[in-house]
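# Chain and residue survey
What follows is the residue order along each chain.
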Amino acid sequence: MTVDKNPFTPGFGQVPPFLAGRSYVVDNVVDAFDNGPGDPNLTAIFTGARGTGKTTLLTLLADEGRERGWVTSRVSAVPGMLEDILQQAVRSAEKLQGKRSGIRLTSVDVGPVSATWEYKDAAAIQAAPNWRTRLETLLDELEDKGLGLIISVDELQAGFPEMVELASTYQHLVGERRRVCLLMAGLPYQVSRVLNDKSISFLRRASRYHLGRIDDADIRTALAETVAKGGRCIESDALDEAVDAIGGFPFLMQLVGYRMWTQTEGDVIDITAARRGVERAREEMRANILEVTYQELSKGDLAFVDAMLQDDGPSRVSDIRERMGKSTGYVAQYRRRLLEEGVIGERGRGVVDFELPGWRELAREKHEG
Ligand SMILES: Nc1ncnc2c1ncn2[C@@H]1O[C@H](COP(=O)(O)OP(=O)(O)O)[C@@H](O)[C@H]1O
Ligand SMILES: [Mg+2]
């Protein structure tokens, strides 16, 4: 029986005790919190396939921001987002207020955003200024206390009117050198579609970070540190086995770690536990990531994927073109789409391979079945 608490975090958006890789992204944005208005990393977009750690990064950066005097507002791109931004900001400010003395949001009139807000009568509500004014009032109040505002928008999607309003307001605020920060995250193809929208072209200037595979060496270190934090250790061959199976994919690191842990009875994770853990983790990875991603592919995407299955490793785009019997332009279009979906990655000039661990096996089964 295991008594130690499992230190792995195999749930979406759960910040792990040790982050593998990604330190350059975290450093750049955290530096921007310290530098304040004018730093290009105060407006940033994170893209990556499902399970690459976008939400985790937003959570972690919000935590870092709060320690540096920024109030945080975390929302998803769904209807009601603008209202939610104000509510969250007020709540976050109130929490910070509890921690630091001297911070009180006394006179902010941000409209119908908080249950603790006082409303005298309907006339007052009707007279409530528009969203931008309410946000600016809030920012004035925060600025008086030396605080900034981080707005983080997860699950970015195209064709969402509230995002247009947020972007245009934000552009003004940046122009006025307000202490504001906008961090966004989404699936690569959604983000490309968002950025194609002319009405929010300002966001094209955002710092962009694609969250791809993490180096094996970083996975190895984070895995070993997480195990140690939980009060156990892992044998070197077990660690090799795990790192190999993880393939640089953050979600799989947590799944493999979690399962290896539960397969272990004593204090030492050995190769047997590692193999069993990997097997279970693969099944979960398949259900949670691979199947969902596969369902989202179009017919053209699938034809491209099928053409890659003849190879056991990386494929040359010229071979794919021949197998598909389509024009260069047609093939290039699906190559780009699959790159954006995070299904394939480039391996040098004119060479691509599957990016998601276990994808080839899944695609072969689907192709045959
Ligand atoms: N850099 C990282 N190192 C280790 N584990 C990570 C890292 N980033 C994310 N994770 C883990 O990966 C899983 C997926 O993260 P999540 O942020 O939900 O991905 P996304 O939002 O891109 O779908 C979670 O279990 C999380 O704990
Ligand atoms: Mg997410």
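Reference entry: report on the structure contained in this document. As the structure is a computational prediction, the values presented were derived from the model and not from experiment.

Strands belonging to one sheet form pairs held by backbone hydrogen bonds; the direction of such a pair is parallel or antiparallel. The strand order across the open sheet formed by three strands is β8-β10-β9, and the pairing between neighbours is antiparallel. The sheet is open, and its two borders are formed by β8 (315-316) and β9 (344-346), each paired with just one other strand. Here three bridges tie β9 to strand β10 (residues 351-354), and the two strands are oriented antiparallel to one another. Note that in β10 the partner of I344 across the bridge is F354. Sitting on the sheet, helix α14 (residues 328-340) touches β9 and β10, and the angle it makes with β9 is about 105°.

Let's shift gears to helix α7 (residues 188-196). Regarding α7, the residues found buried are P188, Q190, V191, S192, V194 and L195. Next to the buried residues of α7 lie β1 (43-47), β4 (180-186), β5 (207-210) and α14.

It is worth spelling out the site of ligand 1 at this point. Taken together, the neighbourhood of ligand 1 is formed by 23 residues, with T9, G13, Q14, K54 and T56 sitting nearest. G11 has a polar backbone atom sitting 3.1 Å from an oxygen atom of ligand 1. Contact between ligand 1 and T52: an oxygen atom at 3.3 Å from a main-chain N or O atom of the residue. Considered on its own, ligand 1 offers 570 Å² of accessible surface; in the complex 97% of this is hidden by protein. Of all the elements in the fold, those that place two or more residues in the shell around ligand 1 are α2 (54-67) and α10 (250-262). Element by element, the count of residues in the shell around ligand 1 is highest for α10, at four residues. For the shell around ligand 1, the class distribution of residues is ten nonpolar, ten polar and three charged. When residues of the shell around ligand 1 are sorted by domain, at least three fall in each of domain 1 (23-210) and domain 2 (216-293).

Below, the discussion takes up the environment of G98. By the element assignment, G98 lies in helix α3 (residues 81-99). In the structure, G98 is positioned 73 residues away from V25 in sequence and 30 Å away in space, judged by C-alpha atoms.

Tallied over the entire structure, the rule returns seven aromatic pairs. Ring centres 5.7 Å apart and planes at 40° place the aromatic pair Y294 and W359 in the tilted group. Of this pair, Y294 sits in helix α11 (residues 271-296) while W359 sits in helix α15 (residues 359-368), and the two are 65 residues apart along the sequence. With respect to burial, Y294 and W359 carry one shared label: buried. Ring plane angle 50° and centroid distance 4.9 Å describe the contact between Y330 and Y334, whose orientation is recorded as tilted. Taken together, the residues span about one helical turn, with Y330 and Y334 both in helix α14 at a distance of four residues. Among the residues examined, Y330 registers a relative accessible area of 27% and is labelled partly exposed.

This brings us to the nonpolar core. If you look at the biggest cluster of nonpolar residues, it comprises 52 residues, and the most contacted ones within it are F304 and W359. Two domains each put at least three residues into this core: domain 2 (216-293) and domain 3 (298-368). In this structure W359 touches L290, T293, Y294, L297, V305, V343 and F354, once residues within four positions along its chain are discounted. One finds I45, A77, L139 and M184 within the second-largest nonpolar core, a separate group that totals 39 residues.

Across all of its chains, the model carries 24 salt bridges by this definition. The salt bridge involving R259 is made with E284; its shortest N-O contact spans 2.9 Å. Placement of R259 in helix α10 and of E284 in helix α11 is noted, with a sequence separation of 25 residues between them. Judged by relative accessible area, R259 falls into the partly exposed class, the value being 22%. E284 sits in the partly exposed class, given a relative accessible area of 23%. Between E291 and K366 there is a salt bridge, and its shortest N-O distance comes to 2.9 Å. In this pair, E291 is assigned in helix α11 and K366 in helix α15, connecting sequence segments 75 residues apart. The partly exposed category is assigned to E291, whose relative accessible area is 22%. Given a relative accessible area of 31%, K366 falls into the partly exposed group. Where salt bridges share partners, they join R132, E136, D140, E143, E176 and R178 into one cluster.

Before going further, it helps to spend a moment on the packing of helix α13 (residues 317-324) against α14. Between α13 and α14, the least distance of the axes is 10 Å, while the angle of their chain directions is 115°. The way α13 lies across α14 gives a crossing that is right-handed. When α13 is examined against α14, the residues V317, I320, R321 and M324 are found in contact with a partner set consisting of T328, Y330, V331 and R335.

Moving on, we come to empty space enclosed by the protein. Across all of its chains, the model carries one cavity of 30 Å³ or more by this definition. In this structure, the largest cavity spans a volume of roughly 40 Å³. Around the largest cavity, the lining residues are Q157, A158, G159, F160, M163, V164, V194, D197 and I200. Within the lining of the largest cavity, the residues separate by chemical class into six nonpolar, two polar and one charged.

Criteria and thresholds
- Sequence order as written defines the numbering, with residues in each chain counted from 1.
- Chains carry letters from A onward and ligands carry numbers from 1 onward, assigned in written order.
- A pLDDT threshold of at least 70 governs which residues receive local features in this predicted model, and a stricter bar of 80 or more applies before side-chain atom pairs are shown or counted, although totals over entire chains, interfaces and linings include all residues.
- Hydrogens and waters are ignored; side-chain quantities use all the structure's heavy atoms.
- Here, any two strands with at least 2 DSSP bridges between them count as paired.
- Secondary structure elements are defined from DSSP: runs of H or I of at least 4 residues count as helices, runs of E of at least 2 residues count as strands, and each element is numbered from the N terminus.
- The contact criterion used throughout is that any non-hydrogen atoms of two residues lie within 4.5 Å.
- To obtain each axis, a line is fitted to C-alpha atoms, and for helices this fit is confined to the stretch in contact; angles are then taken between N-to-C directions over 0 to 180 degrees.
- We call a residue buried when its accessible area falls under 20% of the maximum for its residue type, exposed when it is over 50%, and partly exposed in between, using a 1.4 Å probe and counting protein chains only.
- Any residue with a non-hydrogen atom lying within 4 Å of a molecule or strand is treated as near it.
- Two N or O atoms form a polar contact when they lie within 3.5 Å of each other; inside protein one atom must be a possible hydrogen donor and the other a possible acceptor, and for residues adjacent in sequence the pair counts only when both atoms belong to side chains.
- Residue-level accessible areas treat just the shown protein chains as cover; the underlying method is Shrake-Rupley with a 1.4 Å probe.
- The residue classification treats Ala, Val, Leu, Ile, Met, Phe, Trp, Tyr, Cys and Pro as nonpolar and Asp, Glu, Lys and Arg as charged. All others, Gly included, are polar.
- Annotation comment: domain bounds sourced from an automatic or database domain assignment.
- Geometry of aromatic contacts follows a simple scheme: Phe, Tyr and Trp rings, the Trp one being its six-membered ring, pair when their centres are within 6.5 Å, and the pair is stacked under 30 degrees between planes, edge-to-face over 60, tilted otherwise.
- Definition of nonpolar core: a set of buried residues of the types Ala, Val, Leu, Ile, Met, Phe, Trp, Tyr and Cys, connected through side-chain atoms within 4.5 Å.
- Take a side-chain nitrogen of Lys or Arg and a carboxyl oxygen of Asp or Glu: if they are within 4 Å of each other, that pair is a salt bridge.
- What makes a crossing left-handed is the near helix being turned counterclockwise from the far one by less than a right angle; a clockwise turn instead makes it right-handed.
- Method remark: on a 1 Å grid restricted to protein atoms, a set of points is classed as a cavity if a 1.4 Å probe fits but cannot get out and as a pocket if it is open with protein on both sides within 12 Å along at least five of seven lines; lining residues have an atom within 4 Å of a point.
- Grid points are joined across faces, edges and corners, and a volume is the space filled by probe spheres set on the points.

Function cannot be read off these values alone, since they describe shape.
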